[in-house]
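For reference, the chains in residue letters:
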Amino acid sequence: MTARKDPAYISFTDAAALIVRHGLAGSMTPRGLRYLAHARSTNEDLSDEERWPFGDGPGQEPYLTAGRTRMMRTDLLLKYLDEYPPTGRGPDSKPRQRSVES
């Protein structure tokens, strides 16, 4: 079987699936990845190395725009997420309780 080669640039939609395929997260949606990018770009408590590597800010690589789609360099994205993996709330530890309405 031929090994799958990653593209040079990737959109948020394709990157979400790639992150799961590479085992960097158990699940990821394009919306979740965009949220991660926004949160890590605007969080002033993070060091420069921990900040999202793409954008218009200092030390960030600009997105490549293809139509209305923002594209990121795949190798930089994977390297960044390998070093600073996405964290989430994780799986439910017990079934969610329905709220009681009065």
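Predicted, not measured: the structure shown is a model, and the values here were computed from it. (Residues numbered from 1 in each chain as written. Predicted model: local features only at pLDDT ≥ 70, side-chain atom pairs only at ≥ 80, totals over all residues. Heavy atoms only, no water.)

Is there a simple way to think about the side chain of Arg51 in this case?
Looking at the secondary structure, you find Arg51 in the loop between helix 2 (30-42) and strand 2 (64-66). Among buried charged residues, Arg51 stands out as having no salt bridge; its nearest opposite-charge side chain is Asp48, 4.9 Å away. A polar contact is formed between the side chain of Arg51 and the backbone oxygen of Ser41, at a distance of 3.1 Å. Non-local contacts of Arg51, meaning those with residues more than four positions away in its chain, are made with Arg40, Ser41, Leu46, Pro58, Gln60 and Tyr80. (Helix = DSSP H or I, 4+ residues; strand = E, 2+ residues; numbered from the N terminus. Buried < 20%, exposed > 50% of the residue type's maximum accessible area, 1.4 Å probe, protein only. Lys, Arg positive; Asp, Glu negative; His and termini not counted. Salt bridge = Lys/Arg side-chain N within 4 Å of Asp/Glu carboxyl O. Polar contact = N/O pair within 3.5 Å; in protein donor to acceptor, adjacent residues only side chain to side chain. Contact = heavy atoms within 4.5 Å.)

Is there a simple way to think about the packing of aromatic side chains in this case?
For any pair of aromatic rings, geometry is given as the distance between the ring centres together with the angle between the planes. Taken as a whole and assessed by the stated rule, the structure comprises 5 aromatic pairs. Seen from their ring centres, Trp52 and Phe54 are 5.9 Å apart, and the 65 degrees between their planes marks the pair as edge-to-face. Residue Trp52 is classed as buried on the basis of its relative accessible area of 0%. Overall, Phe54 belongs to the buried group, its relative accessible area being 1%. Site record: aromatic cluster; members linked through ring pairs are Phe12, Trp52, Phe54, Tyr63, Tyr80 and Tyr84. (Phe/Tyr/Trp six-rings, centres within 6.5 Å; stacked < 30°, edge-to-face > 60°.)

Sorry if this is basic, but what is going on with a negative patch on the surface here?
A cluster of like negative charges, contributed by Asp48, Glu49, Asp82 and Glu83, occupies part of the molecular surface. Turning to its location among the elements, Asp48 is positioned in the loop between helix 2 and strand 2. (Patch = residues over 30% accessible without salt bridge, like charges linked within 9 Å, V, L, I, M, F, W, Y side chains within 5 Å. Areas by Shrake-Rupley, 256 points an atom, 1.4 Å probe, with all protein chains shown as cover. Charge placed at Lys NZ, Arg CZ, Asp CG, Glu CD.)

Would you explain the nonpolar core in this entry?
The tendency in soluble globular proteins is for nonpolar side chains to be buried as a group. Within the largest apolar cluster, 21 residues are counted, with the highest numbers of intra-cluster contacts made by Leu33, Trp52, Met72, Leu77 and Leu81. Only helix 1 (12-21), helix 2 and helix 3 (74-83) provide two or more residues apiece to this core. Once you skip the residues sitting within four places of it in the chain, Leu77 turns out to touch Ile10, Ala15, Trp52, Phe54 and Met72. (Core = buried A, V, L, I, M, F, W, Y, C linked by side-chain atoms within 4.5 Å.)

How should the side chain of Gln60 be read in this particular structure?
Looking at the secondary structure, you find Gln60 in the loop between helix 2 and strand 2. Within the structure, the side chain of Gln60 is placed 2.9 Å from the backbone oxygen of Trp52, a separation counted as a polar contact. From its side chain, Gln60 meets the backbone nitrogen of Gly57 in a polar contact 2.8 Å long. For Gln60, the contacting residues outside a window of four places in its chain are Ser41, Arg51, Trp52, Pro53, Phe54 and Gly55.

Sorry if this is basic, but what is going on with the environment of Ala15 here?
Turning to its location among the elements, Ala15 is positioned in helix 1. With 18 residues separating them along the chain, Ala15 and Leu33 place their C-alpha atoms 8.1 Å apart. When residues no more than four places from it in sequence are discounted, the contact partners of Ala15 are Ile10, Leu33, Met72 and Leu77.

Help me understand the pattern of salt bridges in this model?
Side chains that carry opposite charge are capable of pairing whenever their charged atoms lie near each other. Within the structure shown, the criterion is met by 2 salt bridges. Glu61 is paired through a salt bridge with Arg73; the nearest N and O atoms lie 2.7 Å apart. Residue Glu61 is located in the loop between helix 2 and strand 2, and its partner Arg73 is located in strand 3 (residues 69-73); the two are separated by 12 residues in the primary sequence. Glu61 sits in the partly exposed class, given a relative accessible area of 21%. One salt bridge in this structure joins Asp75 and Arg73, with 3.3 Å as the shortest N-O distance. Residues joined in a network through salt bridges with shared partners are Glu61, Arg73 and Asp75.

Honestly, that's just the spatial picture; any functional story needs more than this.
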